[in-house]
Amino acid sequence: IEFESTAQQRAFLAANDSDPVNRWVAAQSIHSTAMLEIAANLRAGRQPAMPAVLLDVMRALLADASSDPALLALARTLPDPGYVAALEVTMDVDGIATAHRFLRRQLGLQLREAFTLRFEERRVRAPYAPTPAQTGTRKLANVCLGYLGAIDDEDSHALATAHFDAADNMTDTMGALAALRNSSSDAREQLFARFEAKWRDEPLVLDKWFSLEALAWRNDALVRIRSLLAHPRFNARNPNRVRALV
């Protein structure tokens, strides 16, 4: 359904609508528009800039401490770059990918205090339980950690490492790894090496590790993927393993 609305109207819906799906749709529209605008500016030779409306929406979502954590996690998550790129007739892969990385890092930087506060509030400190309440809360905490990890400095490295060390479940463990996925820091290499050493004999778990390595947005990504084809646990006859890495 296509309908006319201003960015300010969508921002209001994202912050205040009584229906959670409407809030998510409005937030995703704001996020997608911002990514498309930045990609267009890059194609025109202009520097990317943070849209004020997106910053306002994220600030409002971070201020919401009463809504369903699962909803807030989804609303705070930027849409998949592949989805956004497909909204245009001609896909601008590099532009959308650059816009996605720019927004994640700038949101993390400009709202660092709020993301850190919400991360600490939403970290599940009780023993692991596969309940909807814990699942939504863990998801929200890891979304916040992801924005902080995009800053890629010593503080964010330390936060992700501490989260990894304290994790008693795979969701938080993977959340810590994903937060540093794109980093080239020693902290990132150490966490990924520790995970691989612990789970190398568990194929389904190791698939997650291969996948995160393959999804890393780094200049050496292709070199890394090619090197992992020679990893002792890579098996080209295993469809899941091939799908995870290639």
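In this text, all values refer to a predicted model and were calculated from it rather than measured experimentally.

How each quantity is defined
Residues numbered from 1 in each chain as written. Predicted model: local features only at pLDDT ≥ 70, side-chain atom pairs only at ≥ 80, totals over all residues. Heavy atoms only, no water. Helix = DSSP H or I, 4+ residues; strand = E, 2+ residues; numbered from the N terminus. Rg over C-alpha atoms; globule rule 2.2 N^0.38 Å. Buried < 20%, exposed > 50% of the residue type's maximum accessible area, 1.4 Å probe, protein only. Contact = heavy atoms within 4.5 Å. Arc of directions from axis to C-beta.

1. Focus on the overall build of the protein
Item 1. Assigned secondary structure in the protein consists of 14 helices and zero strands.
Item 2. Each helix and strand of the protein, ordered N terminal to C terminal, gives the series α-α-α-α-α-α-α-α-α-α-α-α-α-α.
Item 3. Against the compact-globule benchmark of 18 Å for 246 residues, the protein has a radius of gyration of 19 Å, which places it among compact chains.
Item 4. Counting only C-alpha atoms, the protein reaches 55 × 45 × 35 Å along its principal axes.

2. Focus on unusual backbone geometry
Item 1. Phi angles above zero are rare outside glycine, and aspartate 152 is one such case at about 60 degrees.
Item 2. Secondary-structure assignment places aspartate 152 in the loop between helix H8 (132–149) and helix H9 (154–166).
Item 3. For aspartate 152, a relative accessible area of 34% gives the class partly exposed.

3. Some thoughts on the environment of valine 242
Item 1. Here valine 242 is to be found in helix H14 (residues 239–245).
Item 2. For valine 242, a relative accessible area of 27% gives the class partly exposed.
Item 3. For valine 242 and alanine 167, which are 75 residues apart along the polypeptide, the C-alpha to C-alpha distance reads 28 Å.
Item 4. Ignoring any residue separated from it by four or fewer positions in sequence, one finds valine 242 in contact with Phe234, Asn235 and Ala236.

4. Brief notes about helix H1 (residues 7–16)
Item 1. Along H1, the positions that sit buried rather than exposed are Arg10, Ala11 and Ala14. Looking straight down H1, one finds that the buried residues subtend no more than 100 degrees of arc, so they occupy a single side. Facing away from the buried surface of H1 by more than 90 degrees, the exposed residues are Gln8 and Phe12.
Item 2. Buried-residue contacts for H1 involve helix H2 (20–43) and helix H3 (52–63).

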